[in-house]
Amino acid sequence: MPREVEPSVNERQFFEKALAENLRLDGRAFDQFRDLELSFGDEFGVADVRLGKTRIHTNISAEVTTPYPDKPFDGLFTITTELSPMTSPHYETSRPSDPEILLSRILEKNLRRSQALDTESLCLIAGHKVWSVRADVHILSHDGNLIDASCISVLAALQHFRKPDTSSEGENVTVYTLEERDPVPLSLLHFPYCVTFSFYPSTVEEGETVILLDSTLLEEQLREGSATIGINKDGELCQIAKLGGISVDAVAFLGCVQVALARVKEISTFVIKRLAEDAKKRDKGDLMAELRAENDR
Amino acid sequence: MASTRTSTFVLPGDRLDPASLPSHPTLPLKLGPGLRHIPPNTITPTVAGQLCTDKRKNAVWVEFNGGRYIPTTGDLVIATIQNSAVDIFYASVSDYAPKATLPQLSFEGATKKTRPQLSFGALVYARVTHANKHMDPELECVSQSTGKSEGLGPLTGGMVFDISLGMARRLMLPKPVEQGALVILDELGGQGVAFEIAVGRNGKVWVNSNSVKGTIAIGRAIQETDEKALKIEEQRKLAKKVAREI
Amino acid sequence: MVASKEPSVLLSHLHRADGSATFSQNGYTVIGAVNGPIEVPRRHELPEEAVIEVLVRPAAGVGGTRERHLESILHSTLRQIILVHNFPRHLIQVTLQITNTPENKNTGSKVVQAGSHLAILPALLQTAVLALLSASMPLATILTSVSIAIHADGKSRKLITHPSLKEFESASSVHIMAFTSHGEPLVVESQGTFTLEDWEEVFETVKALCHAEHNRIDDNAMQGVDGKGNMLEFVKSAMGEKVAQDLHWHT
């Protein structure tokens, strides 16, 4: 299989010189994010995120199924992130590669284990029927920072999704179609977004580790360590992942948590704004359709 | 080169009007990129683009942008050394494609005793000597006839930027301003910015100047001219802006 | 929301792929990416031609038998139009990501009508061809594809081009065909109950929509068909625009 491409010596040396002069290759500040774009599909639960040239498309779907025997009151929530040759020619679909495994583990810890989606609310009939919600994350284009972008896209899609309304009598559950009853949103308890930091060795002796936010693909290939912090806008930490790499001063690391919190607040506001805009567009669209239907009649 | 730019848009498999093809009393018709010959008499495009003809050389080709670089004999490329074996280096010309071979003696002044020391990741400016569909491409860093490097060889320092294949072609035209509507480099030079560049037909441009900020600005200016399809006036404005920043 | 029968496409928007296209028609949206010619592992290489790898990924879930069936149709079709002999011992990857399908009213269940998975075949074929054009992959010819549903009730029959999901599911027979720009058929898939006359009318209708010469709407073969839109004209105009944009510097 074609191997991953590595940066040349010239790029590596130039990048180090640029860092020493406080410069990044695309002109951003060290703690500046690229432009974030979020759009939704016509169907509920489809979110498209663009962070610079990184592009992630997430699709939420739900079906009724039986719960795990040891958890009769909980619904199921799965997140799949399969990297395909669309992302890069060296990703094979059959064999998950390291970055793919890391991505799915971090999303799992951040979104599933933190109970962002209330799985008890997915229960229809305890022990027999529950909703199984599935998030398929498709990485269309990889230019770095897949973790942050994937997290935003899954949470935005979950907030956008509507599951069919149901009513239960005893052992029977009736699932209404979209025409019979309006679908209902999911019960989301909190919104833990991720912020990833990339670390580079200090350019001066005994100096501090250089920290960059929202790294591009080239910056990721040249980094010597990274940490992902999952936190919600109320300041509750969900996870911290620093998997090896060069050491970072503890105080500086706490500073990172503060930066992450500030950033997550911005992202939350942005996502809510986009969701509101989409809702308004839908209302107007539905209204127009109704008026037209009136005329047809 | 007096070529007539016809704006005939062609798609693969189109039947070409024989009147649109040039004819010459003595020279045979030369087929350039983007066309194929189906014996006995059919010439048909293989990509989407604009059909161009050159009456003087009796040549016809399709001008197009995009896609992956296919190594062609005679092209100048920027290659990255991957590893070495006895007497040869293996270099990557485009990502994920088979590697090209570069003999260790194909450098200026190289002998069996004094070989160039190139490690993994080193960049070289090379010419493609052999490229056919059955073999991996071969490169050289020296001119066969003179034995001198003529600008080829290892590139030290500087930074390499990705550009589209169309932009690489424009930069390497004999007259970039008239034929390629490209003034950005001339304008930057005119504004007093000092730099050196090497353009690889495989979609890479190497830039070096005396400041990191300058190199980044120049490289990004070229990329912006490419991505945003800047016209001549816009390129002039960009050059002025860049010169001010440096 | 009524899905538009007019096709639309966005070209070369994925920066890491050699060629890409996002194509929408009739409620189906597919994002396609092409990479190649690139290196192929020794065990898969072919000595005289390039290996083509097609991957179809559904919007929700991981692919199953239906996707493998679509991949095999796409593979044998694309192998006819890509000039694989130009690149022996290389690999050409075509990845097609389905992002949107027309609303299925039964969103609570994963029920997919048997055979309706072929409804997305024209969109997949078109996306693949546009992505290959965007990658400047040498092709022998281009391909366009149309689906037709026949609603027959004894005496009369009604042909519907680019049928909606409802029309597709309630049809007595459905046909997906693809033709080259010279009018040669490359894909002919039919399902349901139909007569030879039905099939021939479908054949001629689709050929007219995919062919260069007959693109006048008042042509006899188009009677009883709703939905306009010659697919070949669409591909020509989309690619023409892109080429004009790319070669804006070319005087």
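Residues numbered from 1 in each chain as written. Chains lettered and ligands numbered in written order. Predicted model: local features only at pLDDT ≥ 70, side-chain atom pairs only at ≥ 80, totals over all residues. Heavy atoms only, no water.

1. As for the overall build of chain B
- Secondary structure assignment for chain B yields five helices and 15 strands.
- C-alpha atoms of chain B, sized along the principal axes, occupy 55 × 50 × 35 Å.
- Out of the 246 residues in chain B, the part that is buried amounts to 51%.
- If you sum the accessible surface of chain B, you get close to 11800 Å²; carbon and sulfur atoms cover 52% of it.
- With 29 positive and 23 negative side-chain charges, chain B shows a spacing of 1 Å between the two charge centroids. (Helix = DSSP H or I, 4+ residues; strand = E, 2+ residues; numbered from the N terminus. Buried < 20%, exposed > 50% of the residue type's maximum accessible area, 1.4 Å probe, protein only. Areas by Shrake-Rupley, 256 points an atom, 1.4 Å probe, with all protein chains shown as cover. Lys, Arg positive; Asp, Glu negative; His and termini not counted. Charge placed at Lys NZ, Arg CZ, Asp CG, Glu CD.)

2. Remarks on the packing of helix α2 (residues 98-112) of chain A against helix α3 (residues 146-160) of chain A
Residue and element names in this part refer to chain A.
- It is at 10 Å that the axes of α2 and α3 come closest, and there the two elements cross at 45°. In terms of orientation, α2 and α3 fall into the oblique class. α3 is crossed by α2, and the crossing has right-handed handedness. Residue-level contacts link L103, I106, L107, N110 and L111 of α2 to L146, I147, S150, C151, V154 and L155 of α3.
- Classifying every residue of the contact of α2 with α3 by side-chain character gives nine nonpolar, two polar and no charged. (Axes fitted to C-alpha atoms, helices over the stretch in contact; angles between N-to-C directions. Parallel < 35°, antiparallel > 145°, perpendicular 65-115°, else oblique. Left-handed = near helix turned anticlockwise from the far one by under 90°. Contact = heavy atoms within 4.5 Å. Nonpolar A, V, L, I, M, F, W, Y, C, P; charged D, E, K, R; others polar.)

3. So, the packing of aromatic side chains
- A complete count under the given rule lists five aromatic pairs over all chains for this structure.
- With centroids separated by 5.2 Å and ring planes inclined at 70°, the aromatic side chains of F179 of chain C and F203 of chain C adopt a geometry described as edge-to-face. With a gap of 24 residues between them, F179 of chain C in strand β8 (residues 173-180) and F203 of chain C in helix α4 (residues 196-210) connect regions that are remote in the sequence.
- Judged by relative accessible area, which is 0%, F179 of chain C ranks as buried.
- Residue class for F203 of chain C comes out buried when judged on its relative accessible area of 17%.
- Taking the centre distance of 5.1 Å and the plane angle of 25° together, the rings of W199 of chain C and F203 of chain C count as stacked. Of the two residues, W199 of chain C and F203 of chain C both sit in helix α4, four residues apart, roughly one turn of that helix.
- Under the relative-accessibility criterion, W199 of chain C is labelled partly exposed at 24%.
- Across from the ring centre of F33 of chain A, 3.7 Å away, lies the NZ or CZ of R263 of chain A, which sits over that ring. (Phe/Tyr/Trp six-rings, centres within 6.5 Å; stacked < 30°, edge-to-face > 60°. Lys NZ or Arg CZ within 6 Å of the ring centre and 35° of its normal.)

4. Considering the interface of chain A and chain B
- Facing the 23 residues of chain A at the interface are 22 residues of chain B.
- Both sides together, the interface formed by chain A and chain B hides about 1700 Å², and carbon and sulfur atoms give 65% of it.
- A per-residue breakdown of the area chain A buries against chain B is headed by V5, N10 and F14 of chain A, which together make up 33% of the total.
- The interface formed by chain A and chain B includes one salt bridge.
- Across the salt bridge formed by E227 of chain B and K53 of chain A, the nearest N and O atoms sit 3.8 Å from each other.
- Across the chain A-chain B interface, the total number found is five residue pairs in polar contact (both at pLDDT 80 or more). (Buried area = accessible area lost by both parts, 1.4 Å probe. Salt bridge = Lys/Arg side-chain N within 4 Å of Asp/Glu carboxyl O. Polar contact = N/O pair within 3.5 Å; in protein donor to acceptor, adjacent residues only side chain to side chain.)

5. Considerations on the interface of chain C and chain B
- Each partner contributes residues to the interface: chain C has 36 residues there, and chain B has 38 residues.
- Both faces considered, chain C and chain B share a buried interface measuring about 3100 Å² in area, 58% of it formed by carbon and sulfur atoms.
- When the buried surface of chain C facing chain B is broken down by residue, H248, W249 and H250 of chain C rank first, second and third, together holding 21% of it.
- Taken together, the connections running from chain C to chain B amount to two salt bridges.
- R68 of chain B is paired through a salt bridge with D18 of chain C; the nearest N and O atoms lie 2.6 Å apart.
- Sorting the residues of the side of chain C that touches chain B by element identifies β3 (28-39), α2 (121-134) and α5 (231-246) of chain C as the ones contributing at least two each.
- When the residues that make up the side of chain C that touches chain B are grouped by side-chain class, the tally is 16 nonpolar, 13 polar and seven charged.

6. Considerations on the nonpolar core
- Ranked by internal contacts, the top residues of the largest apolar core, which has 71 residues, are I82, L124 and L133 of chain C.
- It is α2 of chain C that provides the largest number of residues to this core, a total of 10 residues.
- Once you skip the residues sitting within four places of it in the chain, L124 of chain C turns out to touch V30, V56, L70, L74, L96 and I98 of chain C.
- Formed by 62 residues, the second largest nonpolar core is a distinct cluster that contains L107, L111, I147 and Y193 of chain A. (Core = buried A, V, L, I, M, F, W, Y, C linked by side-chain atoms within 4.5 Å.)

7. Considerations on the sheet that holds β3 of chain C
Residues and elements named next belong to chain C.
- A sheet is described by the order of its strands in space; here five strands give the open sequence β1-β2-β3-β5-β4, paired in mixed fashion. Every other strand in the sheet has two partners, leaving β1 (8-11) and β4 (51-57) as the edge strands with one partner each. Across the sheet, the mean angle separating the axes of adjacent strands is 15° when strand polarity is ignored.
- On the sheet, helix α1 (residues 65-81) packs against β4 and β5 (90-100) and is oriented at approximately 145° with respect to β4.
- Helix-sheet contacts for α5 involve β1 and β2 (19-25), and the interaxial angle to β1 is about 30°. (Pairing = 2+ DSSP bridges.)

8. Some words on the domain arrangement of chain B
- Here chain B is described as being made up of domain 1 (3-63), domain 2 (76-156) and domain 3 (160-245).
- The centre of domain 1 of chain B, based on its C-alpha atoms, is set 33 Å off from the matching centre of domain 2 of chain B. (Domains from an automatic or database assignment.)

9. Focus: the confidence of the model for chain C
Residues and elements named next belong to chain C.
- Taken residue by residue, chain C gives an average pLDDT of 85. The fraction at 70 or more is 86%.
- Predicted confidence for residues 105-114 stays below pLDDT 50, and this span has 17 contacts to residues more than four positions away or in other chains.
- Scored below 50 in pLDDT, residues 214-228 shows 20 contacts in the model against residues more than four places distant or in partner chains.
- At the level of chain-chain contacts, confidence expressed as ipTM amounts to 0.92, with global pTM at 0.92. (pLDDT = per-residue confidence, 0-100.)

10. Re the UniProt feature "domain: Exosome complex exonuclease Rrp40 N-terminal" (unreviewed entry) in chain B
- UniProt records the feature "domain: Exosome complex exonuclease Rrp40 N-terminal" (unreviewed entry) at residues 29-68 of chain B, using the numbering of this structure.
- In this annotation, residues 29-68 of chain B is assigned 0% helix and 52% strand; the end-to-end C-alpha distance for the span is 27 Å. (UniProt positions renumbered as here; feature names shortened; annotations may be inferred.)

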